[in-house]
Every structure is written in C-alpha cells, then in structure tokens.
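Structural overview
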Amino acid sequence: MTSLPAPPVAPPVRTGFATADDGTRLYWRAVGTGPAIACCNGVGVSIFFWKYLVDHYSDRHTVVMWDYRAHGRSDRPVDLDAMDMSIRRHALDLGAVLDAVGVERALLLGHSMGCQVIFEFNRVFPARVMGLVPMLGSAGRTLETFYDFKYSPYFFRAAARMFDRMGDRAHYVVRPLLE
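Note that the structure is a prediction, hence the values are computed from the model and not measured.

**Thoughts on the overall build of the protein**
Of regular secondary structure, the protein possesses six helices and six strands. Taken from the N to the C terminus, the helices and strands of the protein come in the order β-β-β-α-β-α-β-α-β-α-α-α. For the protein, the proportion of its 179 residues judged to be buried stands at 38%. Taking the intrachain contacts of the protein between residues at least 6 apart in sequence as the baseline, contacts between residues at least 24 apart amount to 64%. Looking at the protein as shown, the accessible area adds up to about 10,600 Å², and 59% of this sits on carbon and sulfur atoms.

Right, dumping it as structure tokens:
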C-alpha cells in the first residue's frame, strides 16, 4: 500500500502595526520565512494586491506587505491638509515597518508609486537593500504624471477628502473596485 504525500505546510503568517516616528500606526503582514521581500503598493492599493506573489514565494521567503498611512488598516490623519504623503515619508515608514517585522535587509518590490518609494528607501537606507524590483512606475511626481492628466493632483485630493468623510464606509466602496 502506498502512502499519500503529506499535505503542504502553510507558511507562518504574522500581522501587526509599526509605529512611525510621528506616531502613525502602519499595518503590516508578513508571510513565510527566509530572506525578506518587502512590497510597496501603488497609490490607493492595499496589501491584497500581492496575493499571487505571496502564494508563489512565501514557501522560501518572508513576504512583507504593508499599508501606507491613510490606506487600508493604517491610521488616517485627522487633518488631511496637514498630512505628509510624500515619497520620503513613505520610505521612512517602510523603515519602521521593516523594524517592526524584524527585517534588517530586504529585496524591495515597488509597483506604480511604490517604485518611487523603493528608490527613495534605497537612497536613504542603502545598507538595508538587497535589490530593487520596480514595476510599472512613473517618473517624477506621481500624481502629476498619472494618466498624463494635468488635473490629477486635484482629483486625488478631492477623492481623499470625500473618502475621509465617508470614514470606514469608504473601504466597502473602494476595495471591490480595486480588486
């Protein structure tokens, strides 16, 4: 009688919050063990974007995903006009996330705006970077180059205000559209 192969072991999953230097709580999820792959989303996207990458690599890598401030499960500032959503701010936040997960060095993946985040992180913290994988990124200022539409910065600011007024209900509208 032949024995059946053992079922695959699910990779370990850890979740938590990192605290940025300004006190903002940033949600993260780490799946798997081994050398780290840190994923940086495009604007308006949450960690679900990396599902297939997690499925493919988490058996031999720690795949770290996180939500930018005011995205997903991360904190939203009370005053939208005062919030810092700069690329540098996100790069510093990535450092806080990696610290919280316990990752010293990582391969950085960036999609869309995430490309600028990984480039800035590499500029500020080069010793923490094993490599860069930019995917479909924009050059220069992300909002100004979005679909070559000169009014896109105004659109994004208005959308951010509208979603902020909706509170948690915004996730029920936006998440299905992004998926």
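**Comments concerning the side chain of R89**
Within the secondary structure, R89 is located in helix α2 (residues 87–101). The exposure class assigned to R89 is buried, which follows from its relative accessible area of 8%. Ignoring any residue separated from it by four or fewer positions in sequence, one finds R89 in contact with A20, D21, D22, R69 and D84.

**Describing the sheet that holds strand β1 (residues 13–19)**
One open sheet accounts for six strands, arranged β1-β2-β4-β3-β5-β6; its pairing is mixed. Only two strands of the sheet have a single neighbouring strand rather than two, namely β1 and β6 (129–135). Going from strand to strand, the sheet's axes swing by 20 degrees on average, the running direction of each strand aside. As paired elements, strand β3 (residues 36–40) and strand β5 (residues 106–111) share five bridges and run parallel to each other. Looking across to β5, one finds that A36 is bridged to A106. Taken strand by strand, α2 contacts β1, β2 (25–31), β3, β4 (62–66) and β5, and its axis lies near 135 degrees from that of β4. Contacts from helix α3 (residues 113–124) reach β3, β5 and β6 within the one sheet, and its direction differs from that of β6 by about 155 degrees.

**Section: the environment of G167**
Topologically, G167 is positioned in the loop between α5 (152–166) and α6 (169–178). Residue classification places G167 among the partly exposed positions, given a relative accessible area of 27%. Note: C-alpha distance between G167 and R76 (91 residues apart in sequence) is 9.4 Å.

**Describing the packing of α2 against α3**
One can describe the packing of α2 onto α3 by two numbers: an axis separation of 8 Å at closest approach and a directional angle of 70 degrees. Considering their axes alone, α2 and α3 lie roughly perpendicular with respect to each other. Two secondary-structure elements touch here, α2 through I87, R88, H90, A91, L92, L94, G95 and L98 and α3 through M113, Q116, V117, E120, F121, R123 and V124. Of the residues that constitute the contact of α2 with α3, the class distribution is nine nonpolar, three polar and three charged.

**With respect to the pattern of salt bridges**
Evaluated as defined, the whole model comprises 10 salt bridges. Of the charged contacts in the structure, one is a salt bridge between R89 and D21, with a shortest N-O distance of 2.8 Å. You can see R89 sitting in helix α2 and its partner D21 sitting in the loop between β1 and β2, a full 68 residues away along the chain. Residue D21 is classed as exposed on the basis of its relative accessible area of 64%.

**Side note on the pairing of β2**
In terms of burial, β2 is a largely internal element, five of the seven residues being buried. Here β1 hands over to β2 after five residues, with G23 in that stretch at a positive phi of 95 degrees. Summarising the sheet, β2 and β4 pair through four bridges and their orientation is antiparallel. Across the sheet, residue V31 finds its bridge partner in β4, namely V63.

About the cut-offs
- Residues numbered from 1 in each chain as written.
- Predicted model: local features only at pLDDT ≥ 70, side-chain atom pairs only at ≥ 80, totals over all residues.
- Heavy atoms only, no water.
- Helix = DSSP H or I, 4+ residues; strand = E, 2+ residues; numbered from the N terminus.
- Buried < 20%, exposed > 50% of the residue type's maximum accessible area, 1.4 Å probe, protein only.
- Contact = heavy atoms within 4.5 Å.
- Areas by Shrake-Rupley, 256 points an atom, 1.4 Å probe, with all protein chains shown as cover.
- Pairing = 2+ DSSP bridges.
- Axes fitted to C-alpha atoms, helices over the stretch in contact; angles between N-to-C directions.
- Parallel < 35°, antiparallel > 145°, perpendicular 65-115°, else oblique.
- Nonpolar A, V, L, I, M, F, W, Y, C, P; charged D, E, K, R; others polar.
- Salt bridge = Lys/Arg side-chain N within 4 Å of Asp/Glu carboxyl O.

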